[in-house]
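# What the coordinates show
So you can see what is in the structure, the chains are spelled out below.
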Amino acid sequence: MMGDPAVKLVGAFGSAFSHRVEVALRLKGVACELVLEDLRNKSELLLAHNPVHKKVPVLLHGKAATCESLVIVEYVDEAFAGPPLLPADPHARAAARFWAHFIDEKCMKSLWAALWMEASEAQRTSMAEAKRSLALLEQQLSEKSRFFGGDSIGLVDIAASGLALWLGVMEEISGVTVVTDEEFPALRRWARRYVGNEDVKRCLPERDRLVAMFSECKEMFRAMAMGSDAETVN
Amino acid sequence: MAGGDDLKLLGAWASPFVTRVKIALALKGLSFEYVEEDLRNKSELLLASNPVQKKVPVLIHNGKPICESHIILQYIDEAFSGTGPSLLPTEPHDRAVARFWATYIDDKSMRGKTEEEKTEGIKKTLGAVETLEGALRDCSKGEGLFFGGDSMGLIDVSLGSLLSWLKATEVMSGAKIFDPIKTPLLAAWIERFSEFDVAKAALPDVDRLVEFSKKMKQAAAAAAAAASEN
């Protein structure tokens, strides 16, 4: 619309976190300019607008800069008209935020350790934790609903998007399988539905390019996993 | 308070996350039943209400549980939007800024079981404190009164709820976390926050926390010693 302040997304190719914001904007029907960073050589634009974390994604909307992918997704939901990304009912909203947070705090961390740690007691513990967490997430998908958000994609689907594409890529590169059709049928069905969605397709990076890009990082990921202590399982 | 609203908070006296919810409920003027949990012997109600994390705080509103302190605060703000002051601002970007700093505060607040983890934690906290000084300056438009601008908001409650633990840490480690010279706005903010009735009522006694922390350390050391024997 004429007169609306410009929307610019500072992201990076292949970033699952940038994808979260891109898909949120697309679902709301918001046109944005995408600026892709070279994360080894961060721009002044990025450093100026995210001085605290110096990370992507950053959303620039007029004069406002917003950081942290899930914070940005909620911002996009509130600042722009279009289909809601969170439910209206406060209790349902709390549940959506809970699972989005759960994905980042519980699933992603243990998954990362399970994929990249060398075979060891610590790696097996992380694998068990990852599967436990994913099983809880699996239970959130009912037979009736197409997405975590119900009939349409919502906050939890967006938070889980890494599981829909990036996880498979990392499993292929690391040689470690975590999510199978047998153990997680609902999650796998959801993943196929997610990546097949028309809006999502327009902001998903090509799988082959992701595999090529992350293959080069394999040794670095393994070194990072070795350096950190074993996930404290609670 | 709206007629027929039943609010129950499952908590533990030492938990800053429980303190956070107590302060928020008090700010909104909401009455609630408080249930002190023994975390070594969790109640059926807690386990049923928070089966995923089995942690406090849990707010139960008309029988429905809400978990995770930040999520509870936003829930209270939304479910009781007509009652008392708002915890979050109305403008979307201001709301995003509040959520950003609330997340930051929890990421940087030291949590650690071993001495090593605690020392690392303190370093992280000291680094974060300078960043927060800048945040306070920006959010309060230079005045330093509240992160929430004119009145207490989400960030004030998030940081304020940690105060007893931060002071207990200063006592136990000797580190000065809020130096009035390096972080003058924050140091003043702490003094001011500690004087509010809602804070005084909710924040646990620092000496009691220090004692509690010492006992936990002794128990952990004993357990480690027992584990390393034979």
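About the cut-offs
Per-chain numbering applies: the sequence of each chain, read as written, is numbered from 1 onward. Chain labels run from A onward and ligand labels from 1 onward, assigned in the order the entries are written. In view of the model being predicted, local features appear only for residues whose pLDDT reaches at least 70, and side-chain atom pairs are presented and counted only at 80 or more, with totals across whole chains, interfaces and linings using the full set of residues. Derived side-chain values reflect all non-hydrogen atoms in the structure, with water molecules and hydrogen atoms excluded from consideration. UniProt positions are given in the numbering used here, feature names are shortened, and annotations may be inferred rather than shown by experiment. Helix and strand definitions follow DSSP, with helices as H or I runs of at least four residues and strands as E runs of at least two, each counted in order from the N terminus. Three exposure classes are used, based on accessible area relative to the maximum for each residue type with a 1.4 Å probe and protein chains only: buried under 20%, partly exposed in between, and exposed over 50%. Pairs of residues are marked as contacts when any of their non-hydrogen atoms sit within 4.5 Å. Exposure was quantified through the Shrake-Rupley algorithm and a 1.4 Å probe, taking into account, for residues, occlusion by the shown protein chains and nothing else. For the purpose of counting charges, residues Lys and Arg are taken to be positive, whereas Asp and Glu are taken to be negative. His and the chain ends are not included. Here the site of a charge means atom NZ of a Lys, CZ of an Arg, CG of an Asp or CD of a Glu. The buried area of a pairing is the accessible area, by a 1.4 Å probe, that goes missing from both parts when the two are put together, added over both. For salt bridges, the criterion is a side-chain nitrogen of Lys or Arg within 4 Å of an Asp or Glu carboxyl oxygen. All domain edges in this entry derive from an automatic or database-based domain assignment. Here the term cavity refers to a set of points on a 1 Å grid, laid over the protein atoms alone, in which a 1.4 Å probe fits but cannot get out; the term pocket refers to an open set having protein on both sides within 12 Å along at least five of seven lines, with lining residues being those that place an atom within 4 Å of a point. Grid points are joined across faces, edges and corners, and a volume is the space filled by probe spheres set on the points. When residues are grouped by polarity, Ala, Val, Leu, Ile, Met, Phe, Trp, Tyr, Cys and Pro land in nonpolar, Asp, Glu, Lys and Arg in charged, and all others, Gly among them, in polar.

Naming follows an unreviewed UniProt entry, where chain A appears as glutathione transferase of Brachypodium distachyon. Of the comments in the UniProt record for chain A, the one headed Catalytic activity (unreviewed entry) reads "RX + glutathione = an S-substituted glutathione + a halide anion + H(+)".

Within chain A, the regular secondary structure consists of 11 helices and 4 strands. Projecting the C-alpha coordinates of chain A onto the three principal axes gives extents of approximately 60 × 45 × 35 Å. Within chain A, buried positions represent 49% of all 234 residues. A separation of at least 24 residues holds for 71% of the contacts in chain A among residues at least 6 apart in sequence. Total accessible area computed for chain A in this model is approximately 11400 Å², and 53% of it derives from carbon and sulfur atoms. Computing the positive centroid from 28 side-chain charges and the negative centroid from 33, chain A places the two 1 Å apart.

With that settled, the discussion passes to the interface of chain A and chain B. Taken residue by residue, the interface counts 25 residues in chain A and 24 residues in chain B. A combined buried area of about 2100 Å² lies between chain A and chain B, and 66% of that area is made up of carbon and sulfur atoms. In terms of surface lost to chain B, no three residues of chain A exceed A:His91, A:Arg97 and A:Phe98, which account for 26% of the buried area on that side. Inspection of the region where chain A meets chain B yields 5 salt bridges. A salt bridge links B:Arg99 to A:Glu78, with the shortest nitrogen-to-oxygen separation between them at 3.1 Å.

When the parts of a complex come together, some accessible area is lost, and that lost area is often taken as the interface size. Residue and element names in this part refer to chain A. Taken domain by domain, chain A consists of domain 1 (7-79) and domain 2 (90-226). Domain 1 and domain 2 are separated by 21 Å when their C-alpha centres are compared. Listed per partner, the contact involves 16 residues of domain 1 and 23 residues of domain 2. Both faces combined, the contact of domain 1 with domain 2 buries some 1700 Å², and carbon together with sulfur accounts for 66% of it. Considering only the surface of domain 1 that becomes buried against domain 2, Phe13, His19 and Arg26 emerge as the three largest contributors, covering 35% of it. Here domain 1 and domain 2 share 2 salt bridges between them. The partner of Glu74 in a salt bridge is Arg97, with the nearest N and O atoms 2.9 Å apart.

This brings us to empty space enclosed by the protein. Counting across every chain of the model gives 2 cavities of 30 Å³ or more. Lining the largest cavity are 14 residues, with B:Ile105, B:Ser109, B:Thr125, B:Leu132 and B:Leu159 positioned closest to its centre. Of all the elements in the fold, those that place two or more residues in the lining of the largest cavity are helix H4 (92-108) and helix H5 (115-139) of chain B. Examining the composition of the lining of the largest cavity, we find that 4 residues originate from one element, H5(B), more than from any other. Residues that form the lining of the largest cavity fall into these classes: 11 nonpolar, 2 polar and 1 charged. Around the second largest cavity, the lining residues are A:Leu163, A:Leu167, A:Val179, A:Leu187, A:Arg188, A:Trp190 and A:Ala191. Counting residues per element, the lining of the second largest cavity draws most heavily on helix H8 (residues 185-196) of chain A, which supplies 4 residues. By residue class, the composition of the lining of the second largest cavity is 6 nonpolar, no polar and 1 charged.

The next subject is the UniProt feature "domain: GST C-terminal" (unreviewed entry) in chain A. With numbering matched to this structure, UniProt assigns "domain: GST C-terminal" (unreviewed entry) to residues 89-214 of chain A. Secondary structure over residues 89-214 of chain A splits into 71% helix and 0% strand, and the C-alpha atoms at its two ends are 40 Å apart.

UniProt marks residues 5-84 of chain A with the feature "domain: GST N-terminal" (unreviewed entry), using the numbering shown here. Regarding residues 5-84 of chain A, the helix share stands at 38% and the strand share at 21%, and the terminal C-alpha atoms are separated by 21 Å.

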